Amino acid sequence: MKVMIRINHISKTYSRNTPGETIALDDVSLEIGDGEFVVVVGANGSGKSTLLNAVAGSISVDSGNLFINNVDVTGQPEHYRSSFVARVFQDPLAGTAPDLSIADNFRIAALRTQSKKLKLGVTKTFKNKVREHLSAIGLGLEKDLNKLVGTLSGGQRQALTLLMATMADCKVLLLDEPTAALDPKTAEQVMQLADKLITQNKLTAILVTHNLRYAAAYGSRILQMQAGKVERDIRSSGDVRMDTAELFQWF
């Protein structure tokens, strides 16, 4: 299997040489294959969010190297990686612009992976493409592309964020507890949509979650982090994802 993400001995310490010094990542090495759906679990402070932030480029590591699709991105900032790394945050409000229409939000998302010199308008062709993608998620949003995103529910906005992220030509999708702020029914719908889009677009995905049921239901590989290290690396057997009871026996 082709390696999409290669992490070589990365470490990150916050508040170094102070009473609040915290080792968030402790010499972590990891390879994630192209198309893997990796779920990262662990207690608060275990390092899972810092690992995701390191891959995204929103933090710099103190040592080690990180490669995405064989490109060394260790010293590259988040905006440089945005052409091939998409991210969905915990807060449904974080991934969309509330005062803009659905169509304009998709336009901004499309520009993220294009040359900054390119002018991309909301043309008829573009709107038809957006409608086509929206109709596939079954929320009825394709009927009014001029609707302001701020009037949508949290679940609808999170679904839009997922769709906008995967419409672009990204290789890696980072999911930072994307259902934590949603009610259980909506959360399940968003996770099902994420799984569908990851499979359809053949993406490499990393999900950070506290929900072990999601880990069992959606992950092809589960990493348990503790004190800045990967304590367990559990892979499902072939195409069969892990049974929830099987997963719980590890924790």
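Our structure is the block above this text.
Heads up: these notes are all about the structure in this document. Values in this document were obtained by computation on a predicted structure and should not be read as measured data.

1. Some details on the sheet that holds strand β4 (residues 63-68)
Okay, step 1: Taking strand neighbours across the sheet as the criterion, the four strands line up as β2-β1-β4-β5 in an open arrangement whose pairing is antiparallel. Two strands close off the open sheet at either side, each with one partner strand: β2 (22-33) and β5 (71-72).
Okay, step 2: By the bridge criterion, five bridges tie strand β1 (residues 3-14) to β4 in an arrangement that is antiparallel. Following the sheet pairing, Ser 11 is matched in β4 by Ser 63.

2. Things to note about helix α3 (residues 102-111)
Okay, step 1: By the burial criterion, the buried members of α3 are Ile 102, Ala 103, Asn 105, Phe 106, Ala 109 and Ala 110. Across the axial projection of α3, the buried residues extend over an arc of 160°, all falling on one side.
Okay, step 2: Its buried side turned inward, α3 meets α4 (124-135) and α5 (154-167).

3. Topic: the packing of α3 against α4
Okay, step 1: Their axes nearest at 11 Å, the elements α3 and α4 cross at an angle of 100°. For the element pair α3 / α4, the angle class is roughly perpendicular. Counted together, Ile 102, Ala 103, Phe 106, Arg 107 and Ala 110 of α3 and Phe 126, Val 130 and Leu 134 of α4 form the full contact between these two elements.

4. Side note on the side chain of Thr 161
Okay, step 1: Secondary-structure assignment places Thr 161 in helix α5.
Okay, step 2: According to the relative accessible area criterion, Thr 161 is buried, its value standing at 5%.
Okay, step 3: Within polar-contact distance, the side chain of Thr 161 engages the backbone oxygen of Arg 157 at 2.9 Å.
Okay, step 4: Those residues in contact with Thr 161, other than ones at most four positions away along the chain, are Val 88, Gly 95 and Thr 96.

5. Some thoughts on the environment of Gln 158
Okay, step 1: Structurally, Gln 158 is set in helix α5.
Okay, step 2: By relative accessible area, Gln 158 is classed as buried at 0%.
Okay, step 3: Along the sequence, Gln 158 and Pro 92 sit 66 residues apart, while their C-alpha atoms lie 5.0 Å from each other.
Okay, step 4: Gln 158 has contacts with Val 88, Phe 89, Gln 90, Asp 91, Pro 92, Pro 178, Leu 182 and Val 190, leaving out every residue within four places of it along the chain.
Okay, step 5: Within polar-contact distance, the side chain of Gln 158 engages the backbone oxygen of Phe 89 at 2.9 Å.

6. Notes on the pattern of salt bridges
Okay, step 1: Evaluated as defined, the whole model comprises nine salt bridges.
Okay, step 2: Salt-bridge contacts for Lys 229 lead to Asp 26; the nearest nitrogen and oxygen are separated by 3.5 Å. Of this pair, Lys 229 sits in strand β10 (residues 229-235) while Asp 26 sits in strand β2, placing them 203 residues apart in sequence.
Okay, step 3: Overall, Lys 229 belongs to the partly exposed group, its relative accessible area being 35%.
Okay, step 4: Of the charged contacts, one joins Arg 221 and Asp 233 as a salt bridge, the two residues approaching to 2.7 Å between their closest N and O atoms. Linking Arg 221 in strand β9 (residues 221-226) with Asp 233 in strand β10, this pair joins segments that are twelve residues apart in sequence.
Okay, step 5: By relative accessible area, Asp 233 is classed as partly exposed at 38%.

7. Side note on the packing of α4 against α5
Okay, step 1: Two numbers describe how α4 lies on α5: the axes approach to 11 Å, and their chain directions differ by 125°. It follows that α4 is oblique to α5 by the angle criterion. Here the hand of the crossing between α4 and α5 comes out right-handed. Contact with α4, carried on its side by Lys 129, His 133 and Leu 134, involves Leu 160, Leu 163 and Met 167 of α5 and no other residues of that element.
Okay, step 2: For the contact of α4 with α5, the class distribution of residues is four nonpolar, one polar and one charged.

Conventions we followed
Residues numbered from 1 in each chain as written. Predicted model: local features only at pLDDT ≥ 70, side-chain atom pairs only at ≥ 80, totals over all residues. Heavy atoms only, no water. Pairing = 2+ DSSP bridges. Helix = DSSP H or I, 4+ residues; strand = E, 2+ residues; numbered from the N terminus. Buried < 20%, exposed > 50% of the residue type's maximum accessible area, 1.4 Å probe, protein only. Arc of directions from axis to C-beta. Contact = heavy atoms within 4.5 Å. Axes fitted to C-alpha atoms, helices over the stretch in contact; angles between N-to-C directions. Parallel < 35°, antiparallel > 145°, perpendicular 65-115°, else oblique. Polar contact = N/O pair within 3.5 Å; in protein donor to acceptor, adjacent residues only side chain to side chain. Salt bridge = Lys/Arg side-chain N within 4 Å of Asp/Glu carboxyl O. Left-handed = near helix turned anticlockwise from the far one by under 90°. Nonpolar A, V, L, I, M, F, W, Y, C, P; charged D, E, K, R; others polar.

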